[in-house]
Amino acid sequence: MSTPLTETRRKRLTIDTISDNLKKMDYAVRGKIAIEADRIADELRSKEGSSKHPFDHIIYTNIGNPHAVQQKAITWPRQVM
């Protein structure tokens, strides 16, 4: 006879118990926006492409690195930790 505690201990997350949707999931670090930004940046570096846009450079803000856009580091949480 099993108890609820014993059954709880038997439940484990394994490759067999994970949803098939989760197994098929794809995390795209380089999504459509980043790829398009790279294409435009390449155009801006070329003579012909530089006149196609009303700007002369790309600021990448979707990459997840705030230092890349000169944002100061959040020092207080780091000091506390």
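Shown above is the structure to which this text applies.
None of these values were measured; they are calculated from a predicted model.

**Digging into the environment of Asp-56**
For Asp-56, the position within the fold is in the loop between α4 (47–50) and α5 (75–80). Expressed as a C-alpha distance, the spacing of Asp-56 and Ala-41, which sit 15 residues apart in the sequence, is 8.6 Å. Engagement of the side chain of Asp-56 in a polar contact is seen with the side chain of His-57, the distance being 2.6 Å.

**What to know about the environment of His-57**
With respect to the helices and strands, the residue His-57 is situated in the loop between α4 and α5. Along the sequence, His-57 and Glu-43 sit 14 residues apart, while their C-alpha atoms lie 10.0 Å from each other.

**Examining helix α3 (residues 32–45)**
The first and last C-alpha atoms of α3 sit 20 Å apart over 14 residues, in line with the 20 Å expected at 1.5 Å per residue. Of all the positions in α3, only Ala-34, Ala-37, Ile-40, Ala-41, Glu-43 and Leu-44 are classed as buried.

**Looking at the pattern of salt bridges**
Inspection of the entire model under this criterion finds five salt bridges. As a salt-bridge pair, Glu-43 and Arg-39 come within 2.4 Å of each other at their nearest N and O atoms. Of this pair, Glu-43 and Arg-39 are both found in helix α3, four residues apart, which corresponds to roughly one turn of the helix. With a relative accessible area of 14%, Glu-43 lands in the buried category. For Glu-43, the salt bridge is made with Lys-52, and the minimal N-O distance between the two is 3.3 Å. Judged by its relative accessible area of 55%, Lys-52 is exposed. Salt bridges linked by common partners bring Glu-36, Arg-39, Glu-43 and Lys-52 together as one network.

Criteria and cut-off values
Per chain, residue numbering runs from 1 following the sequence as it is written. Per-residue local features are limited, in this predicted model, to residues with pLDDT of at least 70; the limit for side-chain atom pairs, both in listing and counting, is 80 or more; totals at the level of whole chains, interfaces and linings are taken over all residues. Water and hydrogen atoms play no part in the side-chain values, which are based on all heavy atoms of the structure. A run of H or I in DSSP becomes a helix once it reaches four residues, and a run of E becomes a strand once it reaches two; helices and strands are each numbered from the N terminus. Here a polar contact is recorded for every N or O atom pair within 3.5 Å, except that within protein the pair must consist of a potential hydrogen donor and a potential acceptor, and residues adjacent in sequence are included only if both atoms are side-chain atoms. Multiplying 1.5 Å by the helix residue count minus one yields the expected span of that helix. Between buried and exposed lies partly exposed: a residue is buried under 20% and exposed over 50% of the maximum accessible area for its type, with that area taken using a 1.4 Å probe on protein chains only. Salt bridge, as used here, is a side-chain nitrogen of Lys or Arg placed within 4 Å of a carboxyl oxygen of Asp or Glu.

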